[in-house]
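# Chain and residue survey
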Number of protein chains: 2
Amino acid sequence: MIENPYYSPEFHGDYDVISIGRLDLEEGGSIPDCQLAVTTWGELNEAKDNAILITTWFSGTHQIWREVYVGPDHALNPERYFIVAINQIGSGLSTSPHNADGSNADLAMSKFPKVRIGDDVVAQERLLREHFGVEKLVLVVGGSMGAQQTYEWAVRFPEKVERAAPIAGTAQNTPHDFLYGEALKEQIRSDPGFNGGEYASNADVEDGLKRHAHIWAIMGFSTEFWKQEVWRALEFDSREAFLTGFLEPYFTVMDPNDLLAMAWKWQRGDVARHTGGDLAAALGRITAKTFVMPVDEDMFFPPRDCKAEQALIPDSELRVVEDVLGHLGLFGVAPTYMPQIDRHLGELLDTKV
Amino acid sequence: MIENPYYSPEFHGDYDVISIGRLDLEEGGSIPDCQLAVTTWGELNEAKDNAILITTWFSGTHQIWREVYVGPDHALNPERYFIVAINQIGSGLSTSPHNADGSNADLAMSKFPKVRIGDDVVAQERLLREHFGVEKLVLVVGGSMGAQQTYEWAVRFPEKVERAAPIAGTAQNTPHDFLYGEALKEQIRSDPGFNGGEYASNADVEDGLKRHAHIWAIMGFSTEFWKQEVWRALEFDSREAFLTGFLEPYFTVMDPNDLLAMAWKWQRGDVARHTGGDLAAALGRITAKTFVMPVDEDMFFPPRDCKAEQALIPDSELRVVEDVLGHLGLFGVAPTYMPQIDRHLGELLDTKV
């Protein structure tokens with residue numbers, strides 16, 4: 001393992017790290033001591049039937065949900081719900097390549113095993129059940145890779161998910177998205193400092209991490225984001241300043257192997273693994289009331305891909321979020337973003353199931 | 001200079017290399033002996049008023065026009081018109097970093113000067129006038145960077161351009177497109193074999209050229225191209241085979257410095273340079289009957305960007321080309337592509353001016 005100060009409460013606020021013990025993995029092998037970083041808001045009621053699960057996206061953690069999505073003025077209201085955010089495996093806060101030590105020491109760095117979306121969901125279900133006694137979720141919600149986990153929850157544990165809100169993501173990763181993941185990964189791996197994953201510090205891979213940020217620049221935001229210079233809303237006065245002052249440092253503090261572990265997982269998200277490749281059959285299993293929420297300007301999870309999946313989910317609605325930022329609208333920068341999210345999630349939560 | 005067998009008649013059919021003498025450049029400096037590779041079809045009539053100019057795109061040459069666009073069954077019909085394709089500076093066939101020798105030897109490889117779209121158009125105008133005696137063009141047509149040159153022609157020499165057909169490109173490069181160019185360039189430059197532009201062979205930069213191809217994979221084609229597996233139309237039986245059998249070798253034979261010279265130029269295409277940054281004033285100068293022809297699925301020259309420009313051109317129409325390939329629809333792979341191009345160009349050529 002290596003020390004990386006980014007993955008600490010200084011940058012991510014309070015959270016607990018909870019062990020769920022040994023986690024056997026779909027691809028073989030196991031994590032001997034799977035630790036999940038967890039943040040909660042609100043109180044679990046006596047009936048234990050007011051819990052909401054938040055899943056996390058690539059490179060993101062619970063912290064963006066704390067800063068943007070959760071609060072008494074939002075649909076994700078801790079005064080009404082017990083809200084649990086569980087950081088995905090490889091996130092850097094939960095068990096990840098850079099922090100594997102102790103009984104996980106054999107998994108450190110380049111030796112980290114392949115982890116799938118399904119592994120995360122199995123781990124999350126165990127944690128909720130064993131640690132909190134939660135057997136049913138009012139709602140599962142997540143963006144991007146969090147949407148992948150949301151779909152996986154709804155297909156794998158239909159009886160446990162009352163409502164689902166996958167935002168800006170798909171149940172079955174698309175071929176284009178797979179190639180996008182490849183391009184992101186090779187930015188990192190092509191840096192000589194990466195050294196096959198056995199670098200001494202993420203700083204050794206700074207060039208690769210910057211290139212990785214530059215690919216996000218052209219796919220994570222929309223063409224209109226750049227044309228309208230929406231970055232000015234983030235108080236930068238030039239495109240270059242936004243890149244070097246925001247997007248590059250956003251990624252260069254992170255751990256390269258952690259990002260690669262998440263990217264590999266993202267590329268292979270697919271609920272049809274439960275049904276021999278039959279996506280319609282998999283999505284047909286979903287009993288949750290589901291709001292499918294693509295972002296209209298998303299360059300790599302375009303609404304048409306999400307709409308095609310929504311059409312296969314029995315009790316579902318398509319709720320397109322309008323945001324010129326595109327996929328990274330998830331950051332909640334646009335003042336028009338959260339009102340849409342709150343309206344959709346509020347209506348979903350108000351739906352009787 | 002270095003030898004690169006790709007830039008030869010074996011791969012590009014017959015063409016002439018014509019010197020236009022010294023070309024002074026907008027960014028300063030000059031090309032002492034600017035040589036342009038030229039292909040023609042048909043006969044110039046006595047009045048010299050039946051000439052059409054074809055401009056070339058990034059990494060492309062006249063050859064794709066020969067194979068796909070020009071012929072007696074097409075609107076670009078050599079039985080009616082004298083058609084001239086002039087390969088852009090940096091294309092590898094015209095004066096370019098890899099082939100600079102003789103009196104251009106000081107420009108070789110990393111020492112090649114910055115060349116702009118306007119330099120190309122000035123060079124092309126001189127060649128047409130001095131070599132062929134052509135003072136007026138029935139039509140200027142080009143795709144992508146060829147569209148940039150088409151716009152530059154129509155703004156710089158309005159009296160010489162009767163009709164203009166910019167396909168899948170813009171008059172003023174967008175910020176997103178600039179960043180896309182940056183990402184492409186750094187794939188090449190980050191390869192240790194690039195050696196600051198002083199490699200011994202393009203094979204030294206194979207890794208970087210492959211990564212460059214992978215970025216084209218996610219932006220040059222549309223998300224639907226990959227989803228619908230349209231590459232099967234090119235007789236590949238897997239996505240991976242298409243990448244390693246088509247898209248990677250398409251670029252790895254090319255010269256890295258040549259690609260960088262074109263990319264730098266592409267990033268800065270802007271007709272508003274003629275009017276102190278006023279795009280409306282620049283496009284308002286155009287007197288050519290103009291068909292603006294974006295491709296509906298283009299990821300980086302989206303129709304809305306082209307439509308906004310078309311609205312500023314006095315005698316113009318928006319003619320959207322439907323093609324699931326996206327930007328690289330320009331290759332003419334889809335059987336539905338050329339009928340649309342021929343219909344639009346045919347109608348444009350039939351318009352009285």
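Source: prediction; values computed, not measured. (Residues numbered from 1 in each chain as written. Chains lettered and ligands numbered in written order. Predicted model: local features only at pLDDT ≥ 70, side-chain atom pairs only at ≥ 80, totals over all residues.)

## Focus: the overall build of chain A
Helix and strand content of chain A: 12 helices and 10 strands. Rg of the C-alpha trace for chain A: 19 Å, near the compact-globule value of 20 Å for 353 residues, within the 12% margin. With respect to the three principal axes, the spread of C-alpha positions in chain A is 55 × 50 × 40 Å. A buried classification covers 54% of the 353 residues belonging to chain A. (Helix = DSSP H or I, 4+ residues; strand = E, 2+ residues; numbered from the N terminus. Rg over C-alpha atoms; globule rule 2.2 N^0.38 Å. Buried ≥ 20, exposed ≤ 12 C-beta atoms within 10 Å, placed from the backbone.)

## Some words on the relation of the copies chain B and chain A
Note on the copies: chain B fits chain A at an RMSD of 0.0 Å, the axial shift is 0.0 Å, and the rotation between them is 180 degrees. Here the transformation between the copies is reduced to the relation of a two-fold axis. When you check the interface residues of chain B against chain A, 100% turn up at the interface there too, and the contact is symmetric in its surfaces. (Least-squares fit on C-alpha atoms with pLDDT ≥ 70 in both. Contact = placed C-beta atoms within 7 Å.)

## Observations regarding the domain arrangement of chain A
Residue and element names in this part refer to chain A. Its domain assignment divides chain A into domain 1 (9-173 + 270-350) and domain 2 (178-261). The partner domain 2 presents 22 residues to the 21 residues of domain 1 that form the contact. Classifying every residue of the side of domain 1 that touches domain 2 by side-chain character gives 10 nonpolar, 10 polar and one charged. (Domains from an automatic or database assignment. Nonpolar A, V, L, I, M, F, W, Y, C, P; charged D, E, K, R; others polar.)

## Description of the sheet that holds strand β5 (residues 51-55) of chain B
Residues and elements named next belong to chain B. With mixed pairing, eight strands are arranged side by side in an open sheet as β1-β4-β6-β5-β7-β8-β9-β10. Among the strands making up the open sheet, the edge pair consists of β1 (16-19) and β10 (316-318). Taking the axes of each pair of neighbouring strands and ignoring which way they run, one obtains an average angle of 20 degrees across the sheet. By the bridge criterion, five bridges tie β5 to strand β6 (residues 82-86) in an arrangement that is parallel. Following the sheet pairing, T55 is matched in β6 by I86. (Pairing = 2+ DSSP bridges. Axes fitted to C-alpha atoms, helices over the stretch in contact; angles between N-to-C directions.)

## Observations concerning the pairing of strand β7 (residues 139-143) of chain B
Residues and elements named next belong to chain B. Burial analysis of β7 places five of its five residues in the buried class, which makes it a mostly covered element. The alternating pattern of β7 places L139, V141 and G143 on one face and V140 and G142 on the opposite face, and all of these are buried. Bridging between β5 and β7 involves four bridges; their strand directions are parallel. The residue bridging I52 from the neighbouring strand is L139, located in β7. As a crossover connection, the stretch from β7 through helix α4 (residues 145-156) into strand β8 (residues 163-167) is right-handed. (Right-handed = clockwise from strand over helix to strand, strands pointing away.)

## Description of the sheet that holds strand β8 (residues 163-167) of chain A
Residue and element names in this part refer to chain A. In space, the eight strands of this open sheet follow the order β1-β4-β6-β5-β7-β8-β9-β10, with mixed pairing throughout. If you trace the sheet from one side to the other, it starts and ends with β1 (16-19) and β10 (316-318), each paired once. On average, each strand axis in the sheet is inclined to that of its neighbour by 20 degrees, with strand direction left out of account. One ladder, built from two bridges, connects β8 with strand β9 (residues 289-292); its direction is parallel. Within the sheet, the bridge partner assigned to A164 lies in β9 and is T290.

## Focus on the packing of helix α5 (residues 175-189) of chain A against helix α9 (residues 256-267) of chain A
Residue and element names in this part refer to chain A. The geometry of α5 relative to α9 is characterised by a closest axis approach of 9 Å and an angle of 165 degrees between their N-to-C directions. Looking at the two axes, α5 sits roughly antiparallel to α9. The two elements α5 and α9 cross, and the hand of that crossing is left-handed. Between α5 and α9, the residues in contact are F178, G181, L184, K185 and I188 and P256, L259, L260, A263, W266 and Q267, respectively. Residues of the contact of α5 with α9, tallied by class, amount to eight nonpolar, two polar and one charged. (Parallel < 35°, antiparallel > 145°, perpendicular 65-115°, else oblique. Left-handed = near helix turned anticlockwise from the far one by under 90°.)

## Quick word on α9(A)
Residues and elements named next belong to chain A. Here α9 spans 16 Å end to end across 12 residues, near enough to the 16 Å set by a 1.5 Å rise per residue. Residues P256, N257, D258, L259, L260, A261, M262, A263, K265 and W266 constitute the buried set of α9. Against the buried residues of α9 lie α3 (117-132), α4 (145-156), α5 and α6 (206-219). (Expected span 1.5 Å × (residues − 1).)

## Comments concerning helix α5 (residues 175-189) of chain B
Over its 15 residues, α5(B) runs 21 Å from end to end, which matches the ideal 21 Å to within 8%, given 1.5 Å per residue. Regarding α5(B), the residues found buried are B:H176, B:D177, B:L179, B:Y180, B:G181, B:A183, B:L184, B:E186, B:Q187 and B:I188. Looking at the buried positions of α5(B), the neighbouring elements they touch are α6 and α7 (223-227) of chain A together with α6 (206-219) and α9 (256-267) of chain B.

## Topic: the interface of chain B and chain A
Between chain B and chain A, the residue contacts involve 25 residues of the former and 25 residues of the latter. Secondary-structure elements contributing two or more residues to the side of chain B that touches chain A are α5, α6 and α7 (223-227) of chain B. Classifying every residue of the side of chain B that touches chain A by side-chain character gives 13 nonpolar, five polar and seven charged.

## A few points about unusual backbone geometry
Residues and elements named next belong to chain A. The residue N195 is not glycine, and still its phi comes out positive at about 55 degrees. Mapped onto the secondary structure, N195 falls in the loop between α5 and α6. For N195, a count of 15 C-beta atoms within 10 Å puts it in the partly exposed group.

## Section: the nonpolar core
Counting residues in each nonpolar core, the largest one holds 220 residues, and the members touching the most others are A:I52, A:I83, A:V84, B:I52, B:I83 and B:V84. The residues contacting A:I83, other than those within four sequence positions of it, are A:T40, A:W41, A:G42, A:I52, A:I54, A:V70, A:L76 and A:P78. (Core = buried A, V, L, I, M, F, W, Y, C linked by C-beta atoms within 7 Å.)

## Remarks on the confidence of the model for chain A
If pLDDT is low for a region, its predicted coordinates should not be looked at in detail. Mean pLDDT over chain A works out to 98, with 100% of the residues at or above the 70 mark. Here the prediction assigns the complex a pTM of 0.97, and the interface score ipTM is 0.96. (pLDDT = per-residue confidence, 0-100.)

## Examining the packing of α5(B) against α6(B)
Residues and elements named next belong to chain B. For the pair α5 and α6, interaxial distance at closest approach is 7 Å and the crossing angle is 155 degrees. Regarding the angle of α5 to α6, the classification is roughly antiparallel. Taken together, the residues of α6 that come into contact with α5 (itself represented by Y180, A183, L184, Q187 and I188) are G208, L209, R211, H212, I215 and M219. For the contact of α5 with α6, the residue count by class is seven nonpolar, three polar and one charged.

## Describing the environment of A:V230
All names here are of chain A. With respect to the helices and strands, the residue V230 is situated in the loop between α7 and α8 (239-252). Given 19 C-beta atoms within 10 Å, V230 falls into the partly exposed group. A sequence separation of 94 residues divides V230 from V324, and the C-alpha atoms of the two residues are 8.2 Å apart.

## What to know about the pairing of β8(B)
Residues and elements named next belong to chain B. Of all five residues in β8, five are buried; the element is thus mostly enclosed. What you see with β8 is no split at all: R163, A165 and I167 on one side and A164 and P166 on the other are buried throughout. Of the pairings in the sheet, the one linking β7 to β8 comprises four bridges and is parallel in character. Paired with V141 across the bridge in β8 is A165.

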